[in-house]
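Structural description and commentary
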Amino acid sequence: MTAPITTTDTAPAGPAFPKKHYLNDGTTIRSWLLTHDHKRIGVMYLISAIIALFLGGIFAMVLRLELLTPGPTIIEALTYNRMFTLHGLVMIFMFMIPAIPSGFGNFFLPIMLGAKDVAFPKWNLASYYIYLAGSSLMLWGLITGGADTGWTFYAPYSTTTTTNITPVLLGVFIIGFSSILTGLNFIVTIHTLRAPGVTWFKMPLFVWAVYATSIIQVLATPVLGLTTLLVSAEHAFGFGFFDPARGGDPILFQHLFWFYSHPAVYIMVLPAMGVQSEVICAVARKNIFGYKMIAMSSLGIAFVGFFAWGHHLFTSGQSAFDAGAFAAISMLVGVFTAIKVFNWVGTLYKGAIAFTAPFAYICGFLFFLVFGGMTGVALATVSLDVHWQDTYFVVAHFHFIMVGAVIMGFLAALHYWFPKMFGRKYPENWGLLAAGLIVLGFNATFIPQFLLGNAGMPRRYYEYPDRFAALNVASTAGASLLAFGFIIIAIYLAISLKYGEVAGRNPWGSRGYEWDVPSPPPTENFDAVPVFTRGPHEYQDVPEELARVSHAI
Amino acid sequence: MNELMRRLLFLPEQASTFAYDVDHLHYFVIIVTMVSSLGVGMTAIAFFWKYRRRRENQATPFVAPTAVFEVLVISVPLFLFLVWFAIGFRDFVKLSSPPPEAMDVYVQGKQWMWKFSYPEGPNSLGVLHVPANRPVRLLITSRDVIHSVFIPAFRVKMDALPGRYTEIWFTATKTGRYQILCTEYCGAQHSKMWGEVVVLAPEAFDEWIKEQQRGLVSRQDVLADETSQVSQQGSLAQWGKQVAVAQGCLRCHNVDSREPANGPSWVDLYQQPTKLTDGREIIADEAYLTESMMEPTVKVVAGYQPIMPNYQGKLSGAEAAAIVEFIKSLRSDRTVQAMGGEDQ
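Everything in this summary refers to the structure shown in the same document. In this text, all values refer to a predicted model and were calculated from it rather than measured experimentally. (Residues numbered from 1 in each chain as written. Chains lettered and ligands numbered in written order. Predicted model: local features only at pLDDT ≥ 70, side-chain atom pairs only at ≥ 80, totals over all residues.)

Turning to the overall build of chain B, a few remarks are in order. Within chain B, the regular secondary structure consists of eight helices and 12 strands. The C-alpha atoms of chain B give a radius of gyration of 28 Å, which is well past the 20 Å a tight globule of 344 residues would have. Looking at chain B as a whole, 35% of its 344 residues qualify as buried. Contacts spanning at least 24 positions in sequence make up 63% of the contacts within chain B whose residues lie at least 6 apart. (Helix = DSSP H or I, 4+ residues; strand = E, 2+ residues; numbered from the N terminus. Rg over C-alpha atoms; globule rule 2.2 N^0.38 Å. Buried ≥ 20, exposed ≤ 12 C-beta atoms within 10 Å, placed from the backbone. Contact = placed C-beta atoms within 7 Å.)

Encoded structure:
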């Protein structure tokens, strides 16, 4: 064990920044806008997603400020209703869904398979522009037309609202195509572009997670597209799909919508779980505990996720039998998630754990996923849901999964892969400080919301009875802490892009395949077709240098 | 124990038989959830402490799960979840099967108020009277978009769907007043769509309903328009004011000042030149005021959002006329006089 992991302590000059890499292979704007390089497209997705995260965060802060007092505080009712619609749509369709799979997935999936690029590089670029076009149309529609339906578009409110909702729905429809194209591209890439040695069960677990995600994207998104078209047709031309006075069915919309939107939760959370599997091995420097169980449970979640949508309709007059069936199926998602959690904790056992920002985020991820996931099982417990349905308990539950788990996963990925993507390190102390603030602020924001739900405060409330005031103040205070944490991250990462310490090829001593290429990677990723002789999560007694991949040809 | 947990979890008071059942399951579920998530978090931290990295180049052994471990991580959560499911489903089936002797009350949601009607005749806006210790079945529907009846103290909730009836039942256990909230987002005033359940002792309830029936019979002599929920007393303008209160008009329209709210103020509105969003200018005469009730989005006053619900079919001709009379009576030089009607 003589080979050093980081050369900073042995080589006084530190690792050199590679001369040629994907970032300086063409520096004109045109070379970015017309690139077919999966890494550049990944970076463009990430930039867009981070902008969306900040936009959505600002809307969230406006909502929290408004809820500081029981009566009107800073905005009026209609503005508030538009604000939570904006917050939901921007966060879900512009940040959550593309951030990890399209951002980090694009960047790392081909490298993790030993490929030069994704299977269809031009489609890949097209799907980014479709995402941009759809997002712009949606945002423009939200700002000028002022849709006030919430991101769920429940008919018949959405079909009769006097606000202009059609451009928003068409925007979502268009973003859907981007999601389908990316999913299809990834599926084909995983099936056809694996390098010699990368068998199915030697794929990194992040790839498995993205694979499961892509299947959901391809199969579920068309239903969302259809549903948004039906709502816009009814709103614009008065078709009677959802209007009982014209033979329509007001509940049909909810079935169609949740048939997509429930699996969509797994589109968001599965990639974060993939990140968790990658990062936990690297920080614990330890083989993953139960590789096959983690890989297969991703597919399990993707599969049963399609049959659980009815748990959103327990109080909509669904039959007791249906409610029971959907509840029982929903429990299985909890079981698959539990399998993953136990295997991640098992990975830490006998490891060599480094206390870094990514580790802080994966601890946060574990706590939030277990608490958020089990409150999800509690919500699926039919009789309990009757009290909680559409209250702040539900809001807190899905924020635990989406902000808790997904954003922890996103931040873990951002910190873990930052040195690989940009060739420089971020300041560890600032990273830990921000991680602490975010985990704390997050708990302070959403634990009071669970209690608000228990107390019976419905969601989407502009004004509320005085008895809910104290918990709302606590939640707003927590949200400020959370916002503060994000601002710190934005500042130090922006500085590190230019002034960070040069990272070198593998600063974490990780065995993930992506750490085998220079940081930042060259445009072609590998000089020659790589041959992988070991798995991506193997840390046992192999010196780092010997664990490097060999190159055929 | 029950009281301690209820307070720790900020649950409202338990005022129905269902509330006790559901809260006990709630305690069980939430304790297991907290213990498991803290357990996982603590184990991660304990492992971190025990197995923290000691050398830069530390190697680790290869550890894989045993078959026993795999079976355990699947079966333990599955067993636990199935126990929750079994209890929760049993209670839910009970909640969706009203006993045959239950008393019926029809509930109708509309933007943004609740109307309760009793088969015996009386109906009321916003306030639901029920007897304690007798099962009550709510038959719920909506006149416009989806709403949801939520009574936190009873732990019950059911959506109000247009064109359909849904049902839910409860047996209230304590007399008192409990809030009703709307939990399905329904537009600008969603967060103000509140009502109240008044639980009366059974004898008091019987007395109340008899009283209501007497009132109803005597009222029918006076009431020209049988669809109105508000009996006509005093002048047409005074009746119009009562109708406007009952229909929720005054949540968005001020009548005591010229300050705009969600909608334009009614004070001095009559015969006033009014600018519309499309640039036209009209005079707010009787025809315009009536049209604005029946088709509110056709002529929207400049500076306001087209958010007013449609009152076509919800207001009778006589009621609409009464509201117009009420608006006509609201002159800033005479406001105090018109508002004096409140004392009656």
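From this point, the discussion proceeds with the structure in view.
Tallying the contact residues gives 81 residues for chain B and 78 residues for chain A. For the side of chain B that touches chain A, the elements supplying multiple residues, two or more each, are α2 (17–50), α3 (67–95), β6 (147–151), β7 (156–160) and β9 (176–182) of chain B. Split by residue class, the side of chain B that touches chain A holds 47 nonpolar, 23 polar and 11 charged. (Nonpolar A, V, L, I, M, F, W, Y, C, P; charged D, E, K, R; others polar.)

Right, let's get into the pairing of β9(B). All names here are of chain B. Pairing geometry for β6 and β9, over two bridges, is antiparallel. Pairing of Val149 across the sheet is with Cys182, part of β9. Pairing of β9 with strand β10 (residues 195–200) involves five bridges; the strand directions are antiparallel. Bridged to Gly176 within β10 is Val199. (Pairing = 2+ DSSP bridges.)

Okay, the packing of helix α8 (residues 252–284) of chain A against helix α9 (residues 291–304) of chain A next. All names here are of chain A. Close contact between α8 and α9 brings their axes to 11 Å; oriented N to C, the two are set at 175°. The angle between α8 and α9 falls in the class roughly antiparallel. Across from Tyr266, Leu270, Met273 and Ser277 in α8, the residues of α9 making contact are Ile294, Ser298, Ile301 and Ala302. (Axes fitted to C-alpha atoms, helices over the stretch in contact; angles between N-to-C directions. Parallel < 35°, antiparallel > 145°, perpendicular 65-115°, else oblique.)

This part takes up the nonpolar core. In terms of nonpolar packing, the biggest core is built from 245 residues, with Val207(A), Val269(A), Ile362(A), Leu366(A), Val406(A) and Ala412(A) touching the most fellow members. The residue makeup of this core includes at least three contributed by each of domain 1 (2–49 + 62–95) and domain 2 (103–215) of chain B. The residues touching Val269(A), leaving out its near neighbours within four places in the chain, are Ile401(A), Ala405(A) and Val406(A). Grouped together as the second largest cluster of nonpolar side chains are 20 residues, Trp266(B), Val267(B), Leu269(B) and Phe326(B) included. (Core = buried A, V, L, I, M, F, W, Y, C linked by C-beta atoms within 7 Å. Domains from an automatic or database assignment.)

It is worth spelling out unusual backbone geometry at this point. Residue Pro156(A) follows Ala155(A) across a cis peptide bond; omega there is 0°. With respect to the element layout, Pro156(A) can be found in the loop between α4 (121–145) and α5 (157–160). Put simply, Gln111(B) and Trp112(B) share a cis peptide bond, and its omega is 0°. Looking at the secondary structure, you find Trp112(B) in the loop between β1 (103–110) and β2 (113–117). Positive phi, close to 45°, is recorded for Arg285(A), a residue that is not glycine. Examined against the element boundaries, Arg285(A) turns out to sit in the loop between α8 and α9. Positive phi, close to 60°, is recorded for Asp268(B), a residue that is not glycine. Position of Asp268(B) relative to the elements: it lies in the loop between α5 (236–246) and β11 (273–275).

Right, let's talk about the sheet that holds β1(B) for a bit. Hydrogen bonds between backbone groups are what pair the strands of a sheet, and the pairing can be parallel or antiparallel. All names here are of chain B. Across the sheet, five strands lie side by side as β3-β2-β1-β5-β8; this open sheet has mixed pairing. Sheet topology places β3 (123–125) and β8 (166–171) at the edges, where each strand pairs with a single neighbour. Within the sheet, the average angular offset between the axes of one strand and its neighbour, ignoring direction, is 25°. Of the strand pairs in this sheet, β2 and β3 are connected by three bridges, and their pairing is antiparallel. Note that in β3 the partner of Lys115 across the bridge is Leu125.

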